[in-house]
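# Close look at the chain arrangement
Residue-level listing of the chains:
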There are 2 protein chains.
Amino acid sequence: MSKREDVSISVIRRLPRYYRFLGDLLKTGVYRISSKELALRMGITASQIRQDLNCFGGFGQQGYGYNVEQLHAEIANILGLDKKYKLILLGAGNLGRTIATQMKFEEQGFELIGIFDKKESLIGEVIRGLPVRSIDTIDEFCKTYQPVTAVFCIPKNSALEYADRLAALGIKGFWNFSHLDISIGNDDIVVENVHLGDSLMTLSYKIHDALK
Amino acid sequence: MSKREDVSISVIRRLPRYYRFLGDLLKTGVYRISSKELALRMGITASQIRQDLNCFGGFGQQGYGYNVEQLHAEIANILGLDKKYKLILLGAGNLGRTIATQMKFEEQGFELIGIFDKKESLIGEVIRGLPVRSIDTIDEFCKTYQPVTAVFCIPKNSALEYADRLAALGIKGFWNFSHLDISIGNDDIVVENVHLGDSLMTLSYKIHDALK
DNA sequence: TAGATTGTTAATCGATTAACAATC
DNA sequence: TAGATTGTTAATCGATTAACAATC
């Protein structure tokens, strides 16, 4: 990792996919790969791969290609997967507990340290080794443990209520599953949206379109 | 809905967001809106809104703007939200049952008609009014009920096993939560990927980058 | 050395934004 | 009619692809 300055989000969004493919290659014992071969497997152009990687440095070698293990590690580095950003999760409903239990946070740069809900009956329940805490204790919790990231698995209205509050408490990043568009009017924070409904509607369009 | 021919995916992906904002406007009693005002609320340009909409037809009126209710309905139409594409879900684990219970399929163009898993102990359990069926009965089920869409909440290996098989059984669209890149080498089908891990890694990068 | 493949510059393509005539 | 705002064309900007000299 070396150059970099304002790499476009289009490039960034391709990095996790490179990372996955390189991980798979490693598992199958491939230790060296050319941009041409990787492009073929991924269904993209070799030019794009080389351009993308060169936003961050020259990881390859002319006449040889790329060392799979090294490149894999470089991308992990670029993405910050070795970090342990403290993470809290809001909403211990269906979606919240699925996210809490299924995601491999430790492999992706995060450490889940707290789960919160407003529903009395859920408080105290243990999910992934963590007790569900009352949302009313979140200010104190943040002051003590200083998480930098929050996952929103709460309804739109609650999201609206907590977004600014958490930002004021030092939360810099939101992984947002709610229907709220958090970022608007707040430049200090970063947001990654997962709008499942939008995704499903997009699929609806694609099918609708394909069946014509 | 009128013109249209190969509208770019960038445009399509913005439609659900327009749809959400228009729905919110309707709820708050706004019946008329200009591209300028909508752009302001959404944090995009008015030009983009007008360009996007004009891929499908002229829904506005000079000097007036857009009728919110009508535009909302037009977009629903474009996206095919009034359809009832038959949908099956593979994988009744944590994620699968969350998707099954939480999504508003009927409002987004789909009708969930079957849930499948390979795990013996889950078979017969009822989720959203549907019994979990053995994955072994899926061929017969598809021949009988002819679903056109499948949700993949199964591991990569299983996804690899079932993608082609389902395509052969008439499945045209996949909502893919697995780590497999389904589409490669199959032009007949449409795929909408939800790579939660990729999304989380992207967030990791953004935070990493913002904290610099 | 000859062959392969990168890193990087240049060319192309597509998407976004600006401008404005048409028109309600 | 005058003012507002669209639909649409033109200009700009950014991203992808192609080409090729550098070099392992």
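Below: a short report on this structure. Note that this is a predicted model, so its numbers are computed, not measured.

## Some thoughts on the relation of the copies chain B and chain A
When chain B is fitted to chain A, the residual RMSD is 0.0 Å, and the transformation amounts to a turn of 180° plus an axial shift of 0.0 Å. Accordingly, the operation relating the two chain copies is best matched by a two-fold axis. Taking C-alpha positions as the reference, the residue of chain B nearest the rotation axis is B:T98, at 3.6 Å. Of all interface residues in chain B, 100% are interface residues in chain A too; the two copies therefore contact each other through one and the same surface.

## Some details on the protein's contact with DNA strand C
DNA strand C sits among 26 residues. The nearest are A:S35, A:R50, A:Y66, B:S47 and B:Q51. Backbone atoms, meaning sugar and phosphate, form 54% of the atoms of DNA strand C found within 4 Å of the protein. In the environment of DNA strand C, a phosphate oxygen lies 2.6 Å from a nitrogen or oxygen atom belonging to the backbone of A:S35. A distance of 3.5 Å separates a base oxygen of DNA strand C from a polar atom in the side chain of A:Q62. Residue assignment for the surface near DNA strand C shows that the elements contributing at least two residues are α3 (46-53) of chain A together with α1 (9-27) and α3 (46-53) of chain B. Ranked by residue count, the leading element in the surface near DNA strand C is α3(B), at four residues. Looking at the surface near DNA strand C, its residues break down into three nonpolar, 19 polar and four charged.

## Observations regarding the pairing of strand β7 (residues 149-152) of chain A
Residue and element names in this part refer to chain A. Here β7 shows no split at all, with T149 and V151 on one side and A150 and F152 on the other all buried. As defined by bridge partners, strand β3 (residues 85-90) adjoins β7 across four bridges and the pair is classed as parallel. When the sheet's bridge partners are listed, L89 is paired in β7 with V151. Pairing of β7 with strand β8 (residues 173-176), which is carried by four bridges, proceeds in the parallel orientation. If you follow V151 over to β8, its bridge partner there is W175. Considered for its hand, the β-α-β crossover made up of β7, helix α7 (residues 156-168) and β8 is right-handed.

## Points about the protein's contact with DNA strand D
Inspection of the region around DNA strand D gives 26 residues, with A:S47, A:Q51, B:S35, B:R50 and B:Y66 positioned closest. Considering DNA strand D, the proportion of its atoms within 4 Å of the protein that are sugar or phosphate atoms stands at 55%. Residue B:S35 places a main-chain N or O atom 2.6 Å away from a phosphate oxygen belonging to DNA strand D. A distance of 3.0 Å separates a sugar or linking oxygen of DNA strand D from a polar backbone atom of B:G63. Among the secondary structure elements, those contributing two or more residues to the surface near DNA strand D are α1 (9-27) and α3 of chain A together with α3 of chain B. The element best represented in the surface near DNA strand D is α3(A), accounting for four residues. Among the residues making up the surface near DNA strand D, the classes are represented as three nonpolar, 19 polar and four charged.

## Overview of α1(A)
Between its first and last C-alpha atoms α1(A) spans 28 Å; for 19 residues at 1.5 Å apiece the expected length is 27 Å, and the two agree. Where α1(A) is concerned, the buried positions are A:V11, A:I12, A:L15, A:P16, A:R17, A:Y18, A:Y19, A:R20, A:F21, A:L22, A:G23 and A:L25. Buried positions along α1(A) lie against β1 (32-33), α2 (35-42), α3 and α4 (68-79) of chain A together with α8 (196-210) of chain B. A:G29 lies just past α1(A) and shows a positive phi near 80°.

## A short note on unusual backbone geometry
Keep in mind that most residues, glycine aside, have a negative phi and that most peptide bonds are trans. All names here are of chain B. Its identity is not glycine, yet R128 carries a phi of approximately 50°, on the positive side. You can call R128 partly exposed: its relative accessible area is 33%. We note that Q146 has phi near 50°; this positive angle belongs to a residue other than glycine.

## Concerning the interface of chain B and chain A
The partner chain A presents 64 residues to the 64 residues of chain B that form the contact. Buried area between chain B and chain A, both sides added, is near 5,700 Å², and the carbon and sulfur share of it is 64%. Counting the surface chain B buries against chain A, the share from its top three residues, B:L200, B:M201 and B:Y205, is 13%. Where chain B touches chain A, the interface holds ten salt bridges. The salt bridge involving A:D181 is made with B:R17; its shortest N-O contact spans 2.9 Å. Remark: the boundary between chain B and chain A carries 31 residue pairs in polar contact (both at pLDDT 80 or more). Of all elements in the fold, only α1, α2 (35-42), α4 (68-79), α5 (94-102), β8 (173-176), β9 (190-193) and α8 of chain B reach the threshold of two or more residues within the side of chain B that touches chain A. Top element by residues in the side of chain B that touches chain A is α8(B). It accounts for 15 residues. Looking at the side of chain B that touches chain A, its residues break down into 32 nonpolar, 17 polar and 15 charged.

How each quantity is defined
- Residues numbered from 1 in each chain as written.
- Chains lettered and ligands numbered in written order.
- Predicted model: local features only at pLDDT ≥ 70, side-chain atom pairs only at ≥ 80, totals over all residues.
- Heavy atoms only, no water.
- Least-squares fit on C-alpha atoms with pLDDT ≥ 70 in both.
- Contact = heavy atoms within 4.5 Å.
- Near = heavy atom within 4 Å.
- Polar contact = N/O pair within 3.5 Å; in protein donor to acceptor, adjacent residues only side chain to side chain.
- Helix = DSSP H or I, 4+ residues; strand = E, 2+ residues; numbered from the N terminus.
- Nonpolar A, V, L, I, M, F, W, Y, C, P; charged D, E, K, R; others polar.
- Buried < 20%, exposed > 50% of the residue type's maximum accessible area, 1.4 Å probe, protein only.
- Pairing = 2+ DSSP bridges.
- Right-handed = clockwise from strand over helix to strand, strands pointing away.
- Expected span 1.5 Å × (residues − 1).
- Buried area = accessible area lost by both parts, 1.4 Å probe.
- Salt bridge = Lys/Arg side-chain N within 4 Å of Asp/Glu carboxyl O.

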